[in-house]
Amino acid sequence: MDSTLSLNGTLYAELTPAGAWYAVSTRDEGSDRQLLLQLLQHGGELALTEARLLEWSAADSPAHALAVLYRLQRLGFVSGRSDARSVPAGSLESRLPALLAALSGEGRALLADDNGLYYATAGFRHEAAEQIAALAGDIITLSRRHTRLLNQNLGLGAQAWALIDPAGQAELGFHPLYLGRQSFVLVIGGQPRLGDNAFVAMTEALCRRYA
């Protein structure tokens, strides 16, 4: 299969919401995730040449790098565009509230770090945001402590935790995000909208700073 693959080096690769989720929802250090994280940082600005593909994927050969990209495309994690995108104006801090609001059906979401401090919020009052962020820090600590049980013994691939109503609908969801050495928890009130392009924009902005 590798011998039939070729790269259009004039295209700019960008992630879909599913690709962005896969990139930041795990600590896996394989070629797939390394390439996705690099595309979150640079994909919209730099054309994906063979040299960049090999470097960004950390693959052991050009054929392997092409196979990684092909697999990600087949999974619907990566798409191509013919023109470059400029970095959006404004600081990360100024952009986050609107992006967070778009990720919740109720416009309520916040981003906390793994120390239990909230970084940005939308729809939550300051006092509530502080308390929810502290809870998020406890949850990510609990998740790390029981990783072996959840992922290996039980075979659960999901990383998120949630407070649910009797119908099984999440009232408050906690989604760990991993970018380089920095961990965050995305807290969403009500129905999550992680399939929105705002999630890609948020992860791109975070990756440019932290990954």
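From a predicted model like this one, the values you see are computed outputs, not experimental measurements.

### Remarks on the environment of L206
Then comes step 1: Its location among the elements puts L206 in helix α8 (residues 197-210).
Then comes step 2: When its relative accessible area of 0% is taken as the criterion, L206 is described as buried.
Then comes step 3: L206 sits 24 residues away from Q182 along the chain, and the two C-alpha atoms are 9.9 Å apart.
Then comes step 4: Residues within four places of L206 in sequence aside, it is in contact with L92, L111, L179, F184 and A211.

### Quick notes on the environment of T16
Then comes step 1: Relative to the helices and strands, T16 resides in the loop between β1 (12-15) and α1 (17-24).
Then comes step 2: For T16, a relative accessible area of 19% gives the class buried.
Then comes step 3: On a C-alpha basis, the gap between T16 and S79 in space is 6.9 Å, while along the polypeptide they are 63 residues apart.
Then comes step 4: The contact partners of T16, leaving out residues within four places of it in the chain, are G76, F77, V78, S79 and V200.

### What about unusual backbone geometry?
Then comes step 1: Backbone geometry at A58 places phi at a positive 55°, although glycine is not the residue there.
Then comes step 2: You can see A58 is positioned in the loop between α3 (50-57) and α4 (62-74).
Then comes step 3: Accessibility expressed as a relative area gives 46% for A58, which makes it partly exposed.

### Comments concerning the packing of aromatic side chains
Then comes step 1: Enumeration according to the criterion identifies 5 aromatic pairs in this entry.
Then comes step 2: Plain terms: the ring middles of W21 and F199 are 6.0 Å apart, the flat faces sit at 45° to each other, and that makes the pair tilted. Of this pair, W21 sits in helix α1 while F199 sits in helix α8, and the two are 178 residues apart along the sequence.
Then comes step 3: Residue W21 is classed as partly exposed on the basis of its relative accessible area, which comes to 25%.
Then comes step 4: With a centroid separation of 5.2 Å and an interplanar angle of 25°, the aromatic rings of Y22 and F77 are classed as stacked. Of the two residues, Y22 is situated in helix α1 and F77 in the loop between α4 and β2 (78-81); the sequence distance between them amounts to 55 residues.
Then comes step 5: Since its relative accessible area comes to 29%, Y22 is described here as partly exposed.
Then comes step 6: Among the residues examined, F77 registers a relative accessible area of 14% and is labelled buried.
Then comes step 7: What links up through ring pairs into an aromatic cluster is the set Y119, F184 and Y210.

Definitions and cut-offs
Residues numbered from 1 in each chain as written. Predicted model: local features only at pLDDT ≥ 70, side-chain atom pairs only at ≥ 80, totals over all residues. Heavy atoms only, no water. Helix = DSSP H or I, 4+ residues; strand = E, 2+ residues; numbered from the N terminus. Buried < 20%, exposed > 50% of the residue type's maximum accessible area, 1.4 Å probe, protein only. Contact = heavy atoms within 4.5 Å. Phe/Tyr/Trp six-rings, centres within 6.5 Å; stacked < 30°, edge-to-face > 60°.

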